Amino acid sequence: MEENSSQYEEATRNNYMGGGEAEEERDPESNSLQQPLLLKRNRTLSSNPLAIIGTKVSHIESLDYEINENDLFKHDWRSRSRVQVLQYVFLKWTLAFLVGLLTGVIASLINLAIENIAGFKLLAVARYVKEESCDCRLRFVLIMVDAAVAAVLVVGFAPTAAGPGIPEIKAYLNGVDTPNMYGASTLIVKIFGSIGAVAAGLDLGKEGPLVHIGACLASLLGQGGPDNYRLKWRWMRYFNNDRDRRDLITCGAASGVCAAFRSPVGGVLFALEEVATWWRSALLWRTFFSTAVVVVVLRAFMEYCKSGNCGLFGKGGLIMFDVSDVTVRYHAMDLLPIVIIGVIGGILGSLYNYLLHKVLRLYNLINDKGRVHKLLLALTVSIFTSACLYCLPFLAGCSPCNPDLGEICPTTGRSGNFKQFNCPPGYYNDLASLLHTTNDDAVRNIFSTSTPKEFHPYSLFIFFALYCILGLITFGIAVPSGLFLPIILMGSAYGRLLGLAMGPYTNIDQGLYAVLGAASLMAGSMRMTVSLCVIFLELTNNLLLLPITMLVLLIAKTVGDGFNPSIYEIILHLKGLPFLDANPEPWMRNLTVAELADAKPPVITLCGVEKVSRIVEVLRNTTHNGFPVVDEGVVPPIGLPTGASELHGVILRAHLVAVLRKKWFLTERRRTEEWEVRQIFTSVDLAERGRKIEEVTVTKDEMEMYVDLHPLTNTTPYTVVESMSVAKAMVLFRTVGLRHMLIVPKYQATGVSPVVGILTRQDLLAHNIISAFPHVAKSKEREKGK
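Residues numbered from 1 in each chain as written. Predicted model: local features only at pLDDT ≥ 70, side-chain atom pairs only at ≥ 80, totals over all residues. Heavy atoms only, no water.

Identification of the protein chain as Chloride channel protein from Macleaya cordata is taken from an unreviewed UniProt entry. Quoted verbatim from the Subcellular location (unreviewed entry) field of the UniProt record, the comment on the protein chain reads "Membrane". The Sequence similarities (unreviewed entry) field of the UniProt record for the protein chain holds the comment "Belongs to the chloride channel (TC 2.A.49) family." (UniProt positions renumbered as here; feature names shortened; annotations may be inferred.)

Here you go:
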């Protein structure tokens, strides 16, 4: 045993030294069955585990170049001691803490500003109605100003700040490059734009923008700040990679959901179920830690505001609907209306997605005409919204106040459920109570329990129809917007309507019907289940709703899936983002990756030691981001014919550009040593992105020089054999989060290239495959016909 161990150590040492004299002296016939099987092959490939790229010591890349944080102590990190590794891990937790802290602070400040601005406008309207001392034009002017500020900020400074930002976050975590989505300008515009848009009274929420804000904060913290003013702290360079940035953005997205709904567990599950494509246990703990910090900050802020130091900011401005004061009782007969709510939610959710798809396509045509058209569209929607909110309450009648209520009725000020509007003293307008308040307070009013006669069915129907229309025409204008709150408003209205209809036949309170209606419509539109269930339980503070909430969510999602995809998938498609779905199409099993490779132009390969002119030619004439590196005429393993070629790995375009910028050229064709590379390149140099070949100048003499690509090549790329089906390749590509996947031949022989082709994300998209293989589309239509 000791002899075998010594032989293994000696052979391993020789392999790590690149072979040399020890391999030349070893007799090939001396191999015995007692030796380890892995040593029986003469290793000609330089797979030095201390190379710079694509190995266990690499921390500058991710996805294709992955390391396991738990394995850092098991491997010699060469230039890093155990203490440095501990500092690296500690700093990751520190960044997760800062993400939660800053997200909580900014969310509190956003809600404070929104509540005070909205409250000021409501007081102005109340004075106009009661005292006739405020011109009606004031409300329109205030709304126009708020909406105009939000639209101007988005159109003029950060167009990527429009919309919720969640589809783009999903695409980035799926592996899609989304430029300018997490910059400082986007963050600033998102903060002030969401304040203006929500305070203007538009039918949109701040939940989506808060998710995007959390992602922007996480990205900027991990990168050391904006590109132009980035901190050069030495530890920050360890996070200048895609993997750590992806993890931090996931933490930021979870923190944003937590800040919007005060739902820490729901935020973690939202990131797991809806946002993240690739998940691991360490990420679970970090997202949970970030959301816990957010909750602590929000609670501390609300405690401070209880003393009256925050103006009109009373309840924190977040959606928190406590329905724990009512006892949940339901019997077998109550399951029928619950099932009906789920079915209606699925149908309405899919119908909402269909109509919103049509509206967004129309808005794309308008927005493509220029900035002026974007501004006019936003202002037109804001004027229409203001006119509806002010005029529609005249259609509702006046209801007498209930003297048994402890709350003052009617109320004309900032708070209170009963708005007097045009009613005489002692009466209130129930529709004005829903429209002349903030969206958060409107949901609280509809969710209110033990109030069976507070809202008339006619008013609830007008409210539901209005917000269906506003929800369709508001989302898509050039302002930061969210989908959560508009869908909750619509769902709660039809849920309460059904509760009124089922009142004599059910034991469930009408407020709980409103909660179930909101949950069903969200599941029918967004197609989420687990995260929505936890979010609604944390919102309502009533665990007894768990069984029926689960049932409603499952039914609504199942019904909605039968009509169309989720709203976020529709937006991804409209934006043209190459998002890979979790499940491949059935017809993909009938295609092989070799067929895809044949439909593409021939793969462009580079030699291990390549001429500078060849590299410049390839970079200037192609847009590929990865190139296979092949060594010709290598010494083959024992028993194979000579003259074979060998696949060394994949090299990225960014690293080739870095070589040309650094002018790391050789006067002769030779292999370099590790110390030569480390003198020129650092991890920061190789982690930089965005450099273009047009920015590099290469002289005529330098064109005739050489570059050794071996140290900069990922020697452990993911490969698939050419006979593998496209369906399996897509599952592997998405699960691991790859950018490039090499196709290797099924048979190895002299004269056969070691690489057949290379697959990218675009090659695995269903519509691209169908366009290249028309017969697949015909077979797909035949399957649908059956």
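Go over the UniProt feature "transmembrane region" (unreviewed entry) in the protein chain, please, and point to the residues and values.
UniProt records the feature "transmembrane region" (unreviewed entry) at residues 90-114, 140-162, 182-202, 283-302, 335-355, 375-396, 458-491 and 543-560, using the numbering of this structure. Note that residues 283-302 is 100% helix and 0% strand, and that its end C-alpha atoms are spaced 29 Å apart. Helix makes up 77% of residues 375-396 and strand makes up 0%, while its end C-alpha atoms are separated by 33 Å. (Helix = DSSP H or I, 4+ residues; strand = E, 2+ residues; numbered from the N terminus.)

Could you give me a rundown of helix 9 (residues 264-275), with the residues and numbers involved?
For helix 9, which comprises twelve residues, the first-to-last C-alpha distance of 15 Å matches the rise-based estimate of 16 Å (1.5 Å per residue) to within 8%. Buried residues dominate helix 9, accounting for nine of its twelve residues. Those residues of helix 9 not exposed but buried are Pro264, Gly266, Gly267, Val268, Leu269, Phe270, Ala271, Glu274 and Val275. Where helix 9 starts, the residue carrying a side-chain oxygen 3.2 Å from the main-chain nitrogen of Gly266 turns out to be Ser263. (Expected span 1.5 Å × (residues − 1). Buried < 20%, exposed > 50% of the residue type's maximum accessible area, 1.4 Å probe, protein only. Polar contact = N/O pair within 3.5 Å; in protein donor to acceptor, adjacent residues only side chain to side chain.)

Quick one: what's the story with the side chain of Thr291, residue by residue and with numbers?
Summarising the element assignment, Thr291 is placed in helix 10 (residues 281-305). A distance of 3.5 Å separates a polar side-chain atom of Thr291 from the backbone oxygen of Pro264. Of the polar contacts made by the side chain of Thr291, one reaches the backbone oxygen of Phe288; its length is 2.9 Å. Beyond its immediate sequence surroundings of up to four residues, Thr291 is in contact with Ala254, Ser255, Cys258, Pro264 and Val268. (Contact = heavy atoms within 4.5 Å.)

Explain the state of the cysteines residue by residue, including any values.
Tallied over the entire structure, the rule returns one disulfide. Here Cys398 pairs with Cys423 through a disulfide, and the sulfurs are 2.1 Å apart. Between Cys398 and Cys423 the sulfur-sulfur dihedral comes to about -95 degrees; the bridge is accordingly left-handed. Of this pair, Cys398 sits in strand 1 (residues 398-400) while Cys423 sits in the loop between strand 1 and strand 2 (427-429); the two residues are 25 residues apart in sequence, bridging distant segments of the chain. The class for Cys398 is partly exposed, based on a relative accessible area of 33%. (Disulfide = S-S within 2.5 Å.)

I'd like a rundown of the side chain of Arg280, residues and numbers included.
One can find Arg280 in the loop between helix 9 and helix 10. Here Arg280 falls in the buried class, since its relative accessible area comes to 14%. Ignoring sequence-local partners within four residues, the contact set of Arg280 consists of Lys92, Arg243, Asp247 and Arg286.

For the pattern of salt bridges, give the residues involved together with the corresponding values.
Tallied over the entire structure, the rule returns 14 salt bridges. Across the pair Lys206 and Asp440 runs a salt bridge, and its minimum N-O distance is 3.1 Å. Within this pair, whereas Lys206 is found in the loop between helix 6 (184-199) and helix 7 (207-223), its partner Asp440 is found in helix 14 (residues 439-447), the two being separated by 234 residues in sequence. By relative accessible area, which is 6% here, Lys206 ends up buried. Here the salt bridges do not stand alone but share partners, grouping Arg246, Asp247 and Arg280 into one network. (Salt bridge = Lys/Arg side-chain N within 4 Å of Asp/Glu carboxyl O.)

If you had to explain the sheet that holds strand 10 (residues 757-759) to someone new, which residues and values would you point to?
Read from one edge of the open sheet, three strands run 8-9-10, paired in mixed fashion. The open sheet has two edge strands, strand 8 (719-721) and strand 10, and neither has a second partner. Between one strand and the next, the sheet's axes are offset by a mean angle of 35 degrees, whatever the strand orientation. Of the strands in this sheet, strand 8, strand 9 (741-744) and strand 10 touch helix 27 (residues 726-736), which is tilted by about 145 degrees from strand 9. (Pairing = 2+ DSSP bridges. Axes fitted to C-alpha atoms, helices over the stretch in contact; angles between N-to-C directions.)

Break down the packing of aromatic side chains for me, citing the residues and quoting the values.
Throughout the structure, instances matching the rule amount to eight aromatic pairs. Each ring, one from Tyr172 and one from Tyr182, has its centre 5.5 Å from the other, and the planes form 65 degrees; the classification is edge-to-face. Here the residue Tyr172 occupies a position in helix 5 (residues 166-174), and Tyr182 occupies one in the loop between helix 5 and helix 6, the gap between them amounting to ten residues. Centre to centre, the rings of Phe464 and Tyr494 are 6.2 Å apart; their planes meet at 70 degrees, and the pair counts as edge-to-face. (Phe/Tyr/Trp six-rings, centres within 6.5 Å; stacked < 30°, edge-to-face > 60°.)

Before we move on, could you go through unusual backbone geometry and cite the residues and values that matter?
Of note, the phi angle at Arg262 is positive, near 55 degrees, even though the residue is not glycine. Inspection of the secondary structure assignment puts Arg262 in the loop between helix 8 (242-261) and helix 9. Even without being a glycine, Arg527 presents a positive backbone phi close to 65 degrees. Turning to its location among the elements, Arg527 is positioned in the loop between helix 17 (510-526) and helix 18 (530-540).

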